[in-house]
Amino acid sequence: MRAPSIASSSRRSSYQRNSDYYDGDRNSADYGSVGGGMLPIFLADLSRNQQKDFVEVTLEIDDDSIVVSSVTPTANDGRSYSRSMSTTSRIRRKFPWLRSGSSRSEASTAEDPTVAARDARRLKARLDRTRSGAQQALKGLRFISKTTGSVGTCELWEKVESRFELLAKDGLLSRDDFAECIGMLDSKEFAVGIFDALARRRRQNIERITKEEFYDFWMQISDQSFDARLQIFFDMVDSNADGKITREEVQELITLSASANKLSKLKEQAEEYASLIMEELDPENLGYIELWQLEALLLQRDTYMNYSRPLSTASAGWSQNIGLKPKNLVRRMSGALRCLIQENWQRAWIIMLWVVIMAGLFAWKFIQYRNRAAFHVMGYCLTTAKGAAETLKFNMALILLPVCRNTLTWLRSTRVRLFVPFDDNINFHKIIASAIGIGIIVHAGNHLACDFPRLIRSSPTQFATISSYFNNEKPTYVSLLTGIEGVTGIAMVILMTIAFTLAARGFRKNLVKLPSPFNRLTGFNAFWYSHHLLAIVYGLLIVHGYFMYLVNKWYERTTWMYISIPLLLYIGERTLRTFRSESYSVKILKVSVLPGSVLSLIMSKPHGFRYKSGQYIFLQCPTISPFEWHPFSITSAPGDDHLSVHIRTLGDWTEELRRVFTEEYSAPTVIGRARFGELGRRDNKGLPRLLVDGPYGAPAQDYRNYDVLLLVGLGIGATPFISILRDLLNNIRIAEDLMDLITETSRSDDSANSFPSSSTMTTTQSNGKKKSQRTTSAHFYWVTREPGSFEWFKGVMNEVAEMDQKGVIEMHNYLTSVYEEGDARSTLLTMVQALNHAKHGVDIVSGTRVRTHFARPNWKEVFAKIASKHPCATVGVFYCGMPGLAKELKRLSHELTHSTSTRFEFHKEYF
């Protein structure tokens, strides 16, 4: 059954492919392959001329095609030359694309100039077609999946066949179920278009197909040859099967592709983009395009893509081969070891120092109690519990330091940043919390399960050695638990268990789903309020340490010595935060609700508020809660006269903030939700109060320390880098103004002022040098799933594209919701994208001058390009987004550092 199906499939594919060039009876014959398919028809035409006329035929034979280069008559021993010319003329009329260059000039006078012009382009396109070009274009016409070429045909068919058995009714598969059966459930309309195109090949208008017919369809769409895929794609557009594509048919396919990729904006402009395709492929204005023109467009794909890339993104680095992994095993292992050391040496020495201090404290206290009389009563249970208690006191003091944000922000500006990994402060905070949890288990466990029972069971003689610590009265187990030390200890364990549990990622991120009313124990609010229970814990800790057993002298009660300085520092920071937030009360200048559930707030800059690009602030809205502070990256530049943030409304607090600003306090004439391409706005009358605390340090604030920047943001993770781009843009403006000033000064004709002018220029240059920064180039990659996301920073992207004439800033937008490069569902959109950007300089998705790429970036190529373009430079790689991609970027940073002359340093922003 299957073998005939495959053969019939091949014949139908060849028939359709050759119909573009043969205008005779479409049912006359089954044709061969693309180029060679014309040869049998050509020879048959000669045979019909009584085999008396002879012509010389020049063929160009390629791996996948045969092209007739020229047809010229030849003399044959006095045979009639006129008859040969007559036959040759008929051949040329039958196949105008076969004309040679010499004969074309003779016939052009008798033909329509527009037709002659198209014939010339057709011949050139056929002669330029190479196998390498076909292979490149093949990447742009994949109907099934990215792995079709690597998975066996039989294995693929088995999966599809099983779906056929589930979906078929009475042995027939419905047209509506075809998409699900071939794996295009999310692109049903596009799959139906494929179904109709394949049905038209059979000259059928059907709604259901048998299993044999379905197999025939499947073999055609899974065909690996470029020509077969091209023909299916052409047939999808050519809805009336006349071998010609009109503007309306192109518009229909653009609408179909936009619908498959969920690009509603493109569907609305499908008519405009169809006209753009026709303008490019039909310059003769004949009103239609043919198969060879569509083929030429796909074969020139890379040319269109390259010349439409803005801001010098087409670099020689794309074509260079940079080996990332040495073949030698020893070199690979040594390189991996160097990467590991380079990445972790700061963390390593901090962790080692911390572990050594804890081990020293544990050993010191262990030995101290090993030499006391109590050891003979309670044994090693006591020494272990006391050693763990000493580490607990140290860690309870140390855990406060990583959250003293003002102190850390100040330390970031000092040389301490070279030795201390301030970017890992939250991770270190969590590690210390884990150590505290272990310490509690060891300390409390030994007390409750070991030394307390041994103390109670001790003999009078043994107890007499330590009776003075218990007022000469032997305690009971209940009295030990109900005493001050027992109550405070148990209370601390309970409160810390609650705080640590609700701080776990599953509870904090609302990933744990609990039934009502326990669902209130999940989310950021539960984490925030439960964490403040630790203030009670510190009070109990001081009391617990003061009334501890087996100690009489005050200086041996060391708990307050450990925690006093960190606790005072933390209290001072919170006090500073309270007073500063009151003085940093801001006015809301503009509120916008942008696509993708993003709230944009533009506020007045508080007096004396200074910050660096890349830093973040905390916001509090007393209308929502007088206690909650939430961090957000600053998206305005230090040189701007306002302060701005972009807030993704994901949690309960942000949802409430959006409601407060857009519903509760809004009036229809004052504020409205922003539509795509415009901003909803309201004035500052009657708006709720907003308090600002900060700024606080973040990894990206050190971007000036690098020669080149690679900024990678996923979705809302682009916000910390927008401030950097704005800052770089302001620097470009300052540099241009400085150059204008220098130019005007140098043009002065007043010789008497020549010395002052020179002095002024020198001073200006000197000042300029003081303000200059190390960064010479920046590459910004923004990867998002929502097309509306590009609306968030549309103004910044246009400003950068307009002002940055020297290509200092490269901006690359990537939309992952569109099918990956090579999928037939995105092929036409890619062409439209490139053509529109080349002609109008405007992106069809974002509406900016920065072109949007489809699918995800090839990060290996991105790093290789930057390494090639910036040899011997230090590149700061800053990433903000989900943790999955961070590992890949970090790995590439280390690999390129050791395989090229460029040094990459990776930093992950808070997310």
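Residues numbered from 1 in each chain as written. Predicted model: local features only at pLDDT ≥ 70, side-chain atom pairs only at ≥ 80, totals over all residues. Heavy atoms only, no water.

(A) Structural context of the overall build of the protein chain. Across its full length, the protein chain holds 35 helices and 16 strands. Burial statistics for the protein chain: of 911 residues in total, 50% are counted as buried. Sequence-distant contacts, at least 24 apart, represent 73% of the contacts inside the protein chain between residues at least 6 apart. (Helix = DSSP H or I, 4+ residues; strand = E, 2+ residues; numbered from the N terminus. Buried < 20%, exposed > 50% of the residue type's maximum accessible area, 1.4 Å probe, protein only. Contact = heavy atoms within 4.5 Å.)

(B) Inspection of the state of the cysteines at higher detail. Scanning the model with the defined rule gives one disulfide in all. A disulfide bridge connects Cys381 with Cys450, and the sulfur atoms are separated by 1.4 Å. Placement of the pair is Cys381 in helix 19 (residues 380-398) and Cys450 in helix 21 (residues 425-457), with a sequence separation of 69 residues. (Disulfide = S-S within 2.5 Å.)

(C) Broad picture of helix 24 (residues 484-502). In a regular helix each residue adds 1.5 Å, so 19 residues correspond to 27 Å; helix 24 covers 27 Å between its end C-alpha atoms and thus fits that length. Taken as a whole, helix 24 has its buried residues at Glu485, Gly486, Thr488, Gly489, Met492, Leu495, Met496, Ala499 and Leu502. Residues of helix 24 that are buried in the fold lie against helix 19, helix 21, helix 23 (477-482), helix 25 (505-508), helix 26 (524-531) and helix 27 (534-546). (Expected span 1.5 Å × (residues − 1).)

(D) A look at the pattern of salt bridges. In this structure the tally under the stated criterion is 19 salt bridges. Between Asp216 and Arg202 there is a salt bridge; the shortest N-O distance is 2.8 Å. Highlighted residues: Asp216 in helix 10 (residues 211-221) and Arg202 in the loop between helix 9 (188-201) and strand 4 (208-209), separated in sequence by 14 residues. Taking relative accessible area as the criterion, Asp216 reaches 2% and is therefore assigned buried. (Salt bridge = Lys/Arg side-chain N within 4 Å of Asp/Glu carboxyl O.)

(E) The arrangement of the confidence of the model for the protein chain in detail. The predicted model of the protein chain averages 74 in pLDDT, with 74% of residues at 70 or higher. Predicted confidence is poor over residues 75-110, with pLDDT under 50, and the contacts of this stretch with residues over four places away or in other chains come to 59 contacts. Predicted confidence is poor over residues 666-684, with pLDDT under 50, and the contacts of this stretch with residues over four places away or in other chains come to 46 contacts. (pLDDT = per-residue confidence, 0-100.)

(F) Spotlight on the sheet that holds strand 8 (residues 630-633). With antiparallel pairing, the three strands of this open sheet are ordered in space as 8-7-10. Whereas interior strands pair on both sides, the edge strands pair on one side only; in this sheet they are strand 8 and strand 10 (691-696). Geometrically, the sheet is characterised by an average inter-axis angle of 30° between neighbouring strands, direction not taken into account. Pairing of strand 7 (residues 616-620) with strand 10, which is carried by four bridges, proceeds in the antiparallel orientation. From the neighbouring strand, Tyr616 faces strand 10, where its bridge partner is Tyr696. Against the sheet, helix 28 (residues 559-583) touches strand 7 and strand 10, its axis set at about 120° to strand 10. (Pairing = 2+ DSSP bridges. Axes fitted to C-alpha atoms, helices over the stretch in contact; angles between N-to-C directions.)

(G) A look at the environment of Pro631. Tracing the backbone through its elements, the reader meets Pro631 in strand 8. When its relative accessible area of 42% is taken as the criterion, Pro631 is described as partly exposed. Distance from Pro631 to Val692, taken between C-alpha atoms, is 9.8 Å for residues 61 residues apart in sequence. Every residue in contact with Pro631, bar those within four places of it in the chain, is listed here: Tyr616, Ile617 and Phe618.

(H) Highlighting the pairing of strand 11 (residues 708-714). In terms of burial, strand 11 is a largely internal element, six of the seven residues being buried. Of the pairings in the sheet, the one linking strand 11 to strand 12 (residues 777-784) comprises seven bridges and is parallel in character. Looking at the pairing, Leu714 lines up with Val783 of strand 12. Across six bridges, strand 11 lies against strand 15 (residues 874-880) in parallel orientation. Paired with Leu711 across the two strands is Phe878, which belongs to strand 15.

(I) A look at the packing of helix 12 (residues 247-260) against helix 14 (residues 270-281). Packing of helix 12 against helix 14 leaves a shortest axis separation of 8 Å and a crossing angle of 125°. Put simply, helix 12 runs oblique to helix 14. Along this stretch, helix 12 crosses helix 14, giving a crossing that reads as right-handed. Touching Arg247, Val250, Gln251, Ile254 and Thr255 of helix 12 are Ala270, Glu271, Tyr273, Ala274, Ser275, Ile277 and Met278, all from helix 14. Looking at side-chain class alone, the contact of helix 12 with helix 14 contains seven nonpolar, three polar and two charged residues. (Parallel < 35°, antiparallel > 145°, perpendicular 65-115°, else oblique. Left-handed = near helix turned anticlockwise from the far one by under 90°. Nonpolar A, V, L, I, M, F, W, Y, C, P; charged D, E, K, R; others polar.)

(J) Seen up close, the packing of helix 11 (residues 226-237) against helix 15 (residues 291-299). Packing of helix 11 against helix 15 brings their axes to within 11 Å, and their N-to-C directions diverge by 120°. On the basis of their axis angle, the class for helix 11 and helix 15 is oblique. Here the hand of the crossing between helix 11 and helix 15 comes out right-handed. In this structure, helix 11 uses Phe226, Asp227, Leu230, Gln231, Phe233 and Phe234 to contact helix 15, whose residues at the interface are Leu291, Leu294, Glu295, Leu298 and Leu299.

(K) Spatial organisation of the packing of aromatic side chains. In total, this model carries 29 aromatic pairs according to the counting rule given. Aromatic side chains Tyr616 and Tyr696 sit 5.9 Å apart centroid to centroid with 35° between the ring planes, which places their arrangement in the tilted category. Separated by 80 residues along the polypeptide, Tyr616 in strand 7 and Tyr696 in strand 10 bring together distant segments of the chain. For Tyr616, a relative accessible area of 12% translates into the label buried. Residue classification places Tyr696 among the buried residues on the basis of a relative accessible area of 2%. Clustering of aromatic rings is evident, with ring pairs tying together Trp157, Phe164, Phe178, Phe195, Phe214, Tyr215 and Phe217. Stacked on the ring of Tyr546, the Lys or Arg Arg557 has its end atom at 5.2 Å from the ring centre. (Phe/Tyr/Trp six-rings, centres within 6.5 Å; stacked < 30°, edge-to-face > 60°. Lys NZ or Arg CZ within 6 Å of the ring centre and 35° of its normal.)

(L) Local environment of the sheet that holds strand 9 (residues 642-648). Overall, antiparallel pairing links the three strands, which are arranged 5-6-9 in an open sheet. If you trace the sheet from one side to the other, it starts and ends with strand 5 (588-594) and strand 9, each paired once. Sheet twist, expressed as the average angle between the axes of neighbouring strands with direction ignored, equals 15°. Pairing geometry for strand 6 (residues 598-604) and strand 9, over seven bridges, is antiparallel. Bridge pairing in strand 9 links Ser604 to His642.

(M) Here's a closer look at the side chain of Asp843. Following the sequence through the fold, Asp843 ends up in the loop between helix 33 (824-840) and strand 14 (852-854). Overall, Asp843 belongs to the buried group, its relative accessible area being 2%. Among the polar contacts listed, one links the side chain of Asp843 to the side chain of Gln833, at a separation of 2.6 Å. Those residues within four positions of Asp843 in sequence are excluded, and the remaining contacts are Gln833, His837, Thr848, Val850, Arg851 and Thr852. (Polar contact = N/O pair within 3.5 Å; in protein donor to acceptor, adjacent residues only side chain to side chain.)

(N) Broad picture of the side chain of Thr558. Its place among the elements puts Thr558 in the loop between helix 27 and helix 28. Those residues in contact with Thr558, other than ones at most four positions away along the chain, are Glu390 and Lys393.

(O) A nonpolar patch on the surface, seen in detail. There is a patch of nonpolar side chains on the surface, built from Leu337, Leu340, Ile341, Trp345, Trp349, Leu353, Ile357, Leu418 and Phe419 and spanning about 840 Å² of accessible area. As for its position among the elements, Trp345 is in helix 17 (residues 329-370). (Patch = residues over 30% accessible without salt bridge, like charges linked within 9 Å, V, L, I, M, F, W, Y side chains within 5 Å. Areas by Shrake-Rupley, 256 points an atom, 1.4 Å probe, with all protein chains shown as cover.)

(P) Up close: unusual backbone geometry. Geometrically, the link from Gly694 to Pro695 is a cis peptide bond, its omega value of 0° lying close to zero. Residue position: Pro695 is located in strand 10. With a phi angle near 60°, Asp170 is a residue other than glycine that sits in the positive phi range. As for its placement among the helices and strands, Asp170 is situated in the loop between helix 7 (153-167) and strand 3 (173-174). Although it is not a glycine, Ala855 sits at a positive phi angle of roughly 70°. With respect to the secondary-structure elements, Ala855 resides in the loop between strand 14 and helix 34 (859-869). Taking relative accessible area as the criterion, Ala855 reaches 10% and is therefore assigned buried.

(Q) Up close: helix 20 (residues 405-412). Those residues of helix 20 that fall on the buried side of the exposure criterion are Asn406, Leu408, Thr409, Leu411 and Arg412. In this structure, the buried residues of helix 20 make contact with helix 21, helix 28 and strand 10.

(R) The environment of Leu276, seen in detail. Relative to the helices and strands, Leu276 resides in helix 14. You can call Leu276 buried: its relative accessible area is 9%. Contact partners of Leu276, with chain neighbours within four places excluded, come to Val832, Leu835, Asn836, Lys839 and His840.

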